[in-house]
Amino acid sequence: MDSPFRPGFGKNPPFLAGRDTALASVEDGLELGQWPQERGILLTGLRGVGKTVMLNHAEDLARERGWVVVSETATPELFERITGVHLPRILSELDPDNPFRVTSISMAGIGSITVEYPDGRIEDPSFRSMCEEISSLLGARSTPGGILFSVDEVNAGALRTLETFAAEYQHLVRSDFEVAFIGAGVQGEIRDLLTSRSATFLRRCAHVDIPMLTPDQTAQAFQEPITQHGRTVSPAVLDYMVRASQGYPFLVQQIGDIAWRRNPDSPDISLEDAQFAYRRARRTIGGFIIEPSLSGLSPTDRSFLAAMASDDGPSRIEDVRRRLGNVDSGYASMYRQRLLDAGAIRAAGHGKVTITLPYMREYLREHIVAEAASDDTRKDAGFPPPPDL
Ligand SMILES: Nc1ncnc2c1ncn2[C@@H]1O[C@H](COP(=O)(O)OP(=O)(O)OP(=O)(O)O)[C@@H](O)[C@H]1O
Ligand SMILES: [Mg+2]
């Protein structure tokens with residue numbers, strides 16, 4: 001039997017654990033019109049925690065209720081793609097008897113396109129006029145829906161285009177059109193973005209944190225797919241997998257998948273399968289999760305984390321301050337706050353913090369020497385950068 005698990009990114013898991021509350025707020029919006037102010041939701045969370053999967057589910061919920069969905073990733077061409085590709089596509093799907101051809105896209109000002117009809121007529125609809133047209137076509141249907149704009153990977157690189165989009169979008173909101181926005185981004189990147197003055201719209205969105213799973217949710221995330229697909233797992237093995245994944249959705253799918261495939265024809269998942277999967281999954285997490293997460297942080301943020309890594313559990317800020325070379329406490333607390341905002345660490349009792357991402361501590365310990373050396377620390381002593389491993 002094929003593995004039911006979905007390792008990697010953006011793939012819907014066989015069992016979506018622990019997201020009922022977050023999805024319920026989307027459902028309330030779609031069914032009862034109870035959207036937060038500005039009709040905007042911004043999902044934030046660590047890398048690999050399941051943000052894209054949440055967007056996928058929100059889009060499905062919307063489609064099931066007769067909404068049309070604009071699903072995009074935040075690139076500098078975001079507004080252009082919405083205006084030039086998505087809205088014309090939706091219009092021609094909703095109104096197939098009125099075919100047209102997009103002949104040019106112009107993004108000066110508010111964004112418009114030029115379309116040509118078979119009878120030779122030429123029009124220049126804008127973002128706004130197309131949304132109005134879509135709304136009136138949707139409103140005429142037996143189950144009137146709206147337009148959901150879903151934007152993944154919200155980041156500072158797309159700020160300008162998001163701003164243009166937001167201005168147009170807010171106009172629709174103020175004019176009482178049935179529209180909704182749901183965006184998602186990595187917590188650390190969103191943090192930087194929100195400090196920008198022009199990110200007003202994103203600041204006003206309802207911010208929903210997508211957290212790691214609890215132990216019970218994690219057990220369910222493993223057990224449901226295994227038993228649903230005709231195999232069994234003993235409580236002891238399940239417990240091992242829960243501990244190995246630490247409630248981290250990315251690892252749940254990796255470990256589940258590798259364990260399943262090791263002996264796919266055996267009726268149960270053995271402890272050896274789980275142990276094998278854990279070792280293999282631990283090797284992938286460095287390149288897929290930890291490195292990209294660290295690379296989003298500043299060098300000082302990273303040294304702060306590295307200074308925490310020598311503790312087996314929560315670190316005393318006082319110790320970190322000392323390890324960083326007795327930096328003053330204002331400096332230490334500034335970096336503590338930066339890392340808290342990025343979600344990389346969390347408070348763990350008075351004067352203590354701990355690293356959030358599973359296995360980052362171990363990764364930092366293993367790589368700390370190479371990292372320090374490639375940090376140009378030894379440059380003054382005449383060393384060129386170290387060779388690649
Ligand atoms: N609630 C969940 N229960 C079980 N598995 C999940 C859950 N949410 C996500 N996953 C799994 O976790 C992995 C990562 O999910 P996803 O790609 O949505 O993360 P992400 O937060 O968008 O990551 P990134 O920040 O890198 O874009 C996928 O394998 C997905 O199937
Ligand atoms: Mg994603």
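Please read these numbers as outputs of a predicted model, since none were measured by experiment. (Residues numbered from 1 in each chain as written. Chains lettered and ligands numbered in written order. Predicted model: local features only at pLDDT ≥ 70, side-chain atom pairs only at ≥ 80, totals over all residues. Heavy atoms only, no water.)

### Comments concerning the overall build of the chain
Which entries qualify depends on this criterion: Helix and strand definitions here come from DSSP, where helices need a minimum of 4 consecutive H or I residues and strands a minimum of 2 consecutive E residues; each element is numbered from the N-terminal end. Each residue is placed in one exposure class: buried if its accessible area under a 1.4 Å probe, protein chains only, is under 20% of its type's maximum, exposed if it is over 50%, and partly exposed if it falls in between. Between two residues, a contact is recorded if the distance between any of their heavy atoms is within 4.5 Å.
Scanning the chain from terminus to terminus reveals 15 helices and 13 strands. Based on the C-alpha atoms only, the size of the chain along its principal axes is roughly 70 × 60 × 40 Å. By residue count, 47% of the 389 residues in the chain fall in the buried class. Sequence-distant contacts in the chain: of pairs separated by 6 or more residues, those separated by 24 or more amount to 69%.

### Details of the pattern of salt bridges
For clarity, the cut-off: For this document, the term salt bridge refers to a Lys or Arg side-chain nitrogen within 4 Å of an Asp or Glu carboxyl oxygen.
Tallied over the full model, the rule gives 24 salt bridges. One salt bridge in this structure joins R243 and D239, with 3.3 Å as the shortest N-O distance. A residue pair is termed a helical-turn pair when its members lie 3 or 4 positions apart in one helix, as R243 and D239 do in helix α9 (residues 235–245) at four residues. Residue R321 pairs with E318 through a salt bridge whose shortest N-O separation is 2.9 Å. With R321 and E318 both in helix α13 (residues 317–323) and three residues apart, this pair spans about one turn of that helix. When its relative accessible area of 17% is taken as the criterion, R321 is described as buried. Taking the relative accessible area as the measure of exposure, E318 reaches 37% and is therefore partly exposed. Among the charged side chains, a salt-bridge network with shared partners connects E27, E31, E64 and R65.

### Concerning the site of ligand 1
To be explicit about the condition: We call a residue near a molecule or strand whenever a single non-hydrogen atom of that residue lies within 4 Å of it. For this analysis, a polar contact is any N or O atom pair within 3.5 Å, provided that within protein one partner can donate a hydrogen and the other can accept it, and provided that sequence-adjacent residues contribute only side-chain to side-chain pairs. Note on areas: Shrake-Rupley, 1.4 Å probe, and residue coverage restricted to the protein chains presented here. Amino acids are sorted into nonpolar (Ala, Val, Leu, Ile, Met, Phe, Trp, Tyr, Cys and Pro), charged (Asp, Glu, Lys and Arg) and polar (every other residue, Gly among them).
R6, G10, K11, K51 and T52 are the nearest of the 23 residues found near ligand 1. A distance of 2.9 Å separates an oxygen atom of ligand 1 from a polar atom in the backbone of V53. Here P249 contributes a backbone N or O atom positioned 3.5 Å from an oxygen atom of ligand 1. For ligand 1, the accessible surface in isolation is 640 Å², of which the surrounding protein chains cover 97%. For the shell around ligand 1, the secondary structure elements donating two or more residues are α2 (51–64) and α10 (249–262). Here the shell around ligand 1 is composed, by residue class, of twelve nonpolar, six polar and five charged.

### Section: the packing of aromatic side chains
Inclusion rule: Aromatic rings from Phe, Tyr and Trp, with only the six-membered ring used for Trp, were paired whenever their centres fell within 6.5 Å, and each pair was classed as stacked if the ring planes differed by under 30 degrees, edge-to-face if by over 60, and tilted otherwise. The rule for a charge over a ring is simple: NZ of Lys or CZ of Arg within 6 Å of the ring centre, and within 35 degrees of the ring normal.
Overall, the coordinates contain 20 aromatic pairs when judged by the stated rule. In textbook terms, an aromatic cluster arises when at least three aromatic residues are bridged by ring pairs, as seen for F79, F127, F149, F165, Y169, F181 and F201. We note R231 situated over the ring of W260; from NZ or CZ to the ring centre the distance is 4.6 Å. Above the face of the F276 ring, R262 is positioned so that its terminal group lies 5.0 Å from the ring centre.

### Observations concerning the sheet that holds strand β8 (residues 206–209)
Our working definition: Two strands qualify as a pair provided that DSSP identifies no fewer than 2 bridges between them. For helices, the axis comes from a line fit to the C-alpha atoms of the stretch in contact; other axes are also lines fit to C-alpha atoms, and the angle between any two N-to-C directions lies between 0 and 180 degrees.
Sheet architecture is open: five strands sit in the order β2-β6-β7-β1-β8, paired in parallel fashion. Either end of the sheet is taken by a strand with one partner, and the two such strands are β2 (68–73) and β8. Across this sheet, the average inter-strand angle for adjacent strands is 20°, counted without regard to direction. With six bridges connecting them, β2 and strand β6 (residues 147–152) associate as parallel partners. Bridging from a neighbouring strand, S71 pairs with S150 of β6. Sitting on the sheet, helix α4 (residues 127–139) is in contact with β2 and β6, with an inclination near 130° to β6.

### Some details on unusual backbone geometry
For D176, which is not a glycine, the phi torsion comes out positive at approximately 65°. Looking at where D176 falls in the secondary structure, it is placed in the loop between α5 (159–174) and β7 (179–186). Take D176: its relative accessible area is 70%, and that puts it in the exposed class. Of note in the backbone geometry, Q246 takes a positive phi value of approximately 55° without being a glycine. Assignment of secondary structure puts Q246 in the loop between α9 and α10. Given a relative accessible area of 46%, Q246 falls into the partly exposed group.

### Considerations on the domain arrangement of the chain
Keep this limit in mind: The split of the chain into domains comes from an automatic or database domain assignment. The buried area of a pairing is the accessible area, by a 1.4 Å probe, that goes missing from both parts when the two are put together, added over both.
You can read the domains of the chain as domain 1 (20–209), domain 2 (215–292) and domain 3 (296–381). On the domain 3 side, the residues contacting the four residues of domain 1 number eight residues. Between domain 1 and domain 3 lies a buried interface of about 550 Å² when both sides are counted; carbon and sulfur atoms form 54% of it. The largest share of the area that domain 1 buries against domain 3 comes from L46, Q187 and R191, three residues that together contribute 82% of it. One can count zero salt bridges joining domain 1 with domain 3. Linking domain 1 with domain 3 are one residue pair in polar contact (both at pLDDT 80 or more).

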